[in-house]
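Breakdown of the fold
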Amino acid sequence: MVRRPVAFVTAVVLFVEAVGIVLVNGVLATVAGNQRMSLAGMDPDAMVTGTWVMGGVSGVLLVLCGLIPLLAGVRDRAPGRVGRITLIACAVVHGVLGALAVGLIGWAAFAFLMVVLALIVLTLVAFDRSEPEAVKPAGAAPEPV
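Below, the structure is looked at part by part. (Residues numbered from 1 in each chain as written. Predicted model: local features only at pLDDT ≥ 70, side-chain atom pairs only at ≥ 80, totals over all residues. Heavy atoms only, no water.)

Points about the overall build of the chain
- Looking only at helices and strands, the chain has four helices and zero strands in total.
- The N-to-C order of helical and strand elements in the chain reads α-α-α-α.
- When each of the 145 residues of the chain is scored for burial, the buried share is 28%.
- Excluding contacts between residues fewer than 6 apart, the proportion of contacts in the chain whose partners are at least 24 apart in sequence is 67%.
- Total accessible area on the chain stands at roughly 9400 Å², and carbon and sulfur atoms take up 72% of it. (Helix = DSSP H or I, 4+ residues; strand = E, 2+ residues; numbered from the N terminus. Buried < 20%, exposed > 50% of the residue type's maximum accessible area, 1.4 Å probe, protein only. Contact = heavy atoms within 4.5 Å. Areas by Shrake-Rupley, 256 points an atom, 1.4 Å probe, with all protein chains shown as cover.)

Some words on unusual backbone geometry
- The backbone of Asp76 shows a phi angle near 55 degrees, a positive value even though the residue is not glycine.
- Note that Asp76 resides in the loop between helix 2 (44-75) and helix 3 (81-104).

Concerning the side chain of Thr123
- As for its placement among the helices and strands, Thr123 is situated in helix 4 (residues 107-126).
- Judged by relative accessible area, Thr123 falls into the buried class, the value being 1%.
- In contact with Thr123, other than residues within four places in its own chain, are Val6, Ala7, Thr10 and Pro69.

This is the structure in structure tokens:
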């Protein structure tokens, strides 16, 4: 089956993306601190702190989202309800960010975000929870325990 490798690749990509997000926010915080930049009169130190916090929180959330397909791949079974909801939310965020990335960053960022979105969706679809374990005839007696 292809579902275990897809789950592992999705987890690795989300982990790499988490590191990338923290690094990008670190660069932004450093630039804002060195330039003493502010937005609408906000304190520059608050901008730097907020950028670091946003990068850290985003990185932690991406790592948590990456743990879900990793565990699904190791266990070879579908994530639970909370895991599926988390992956769906992560996919929605990647879709929205991809739409924004086209105009703000460029097509390369859009392509990366759409690949991550496709991996998340493929992970969700590959582990289909509706697969019956065994089909029994309608009048069959229960098995002894």
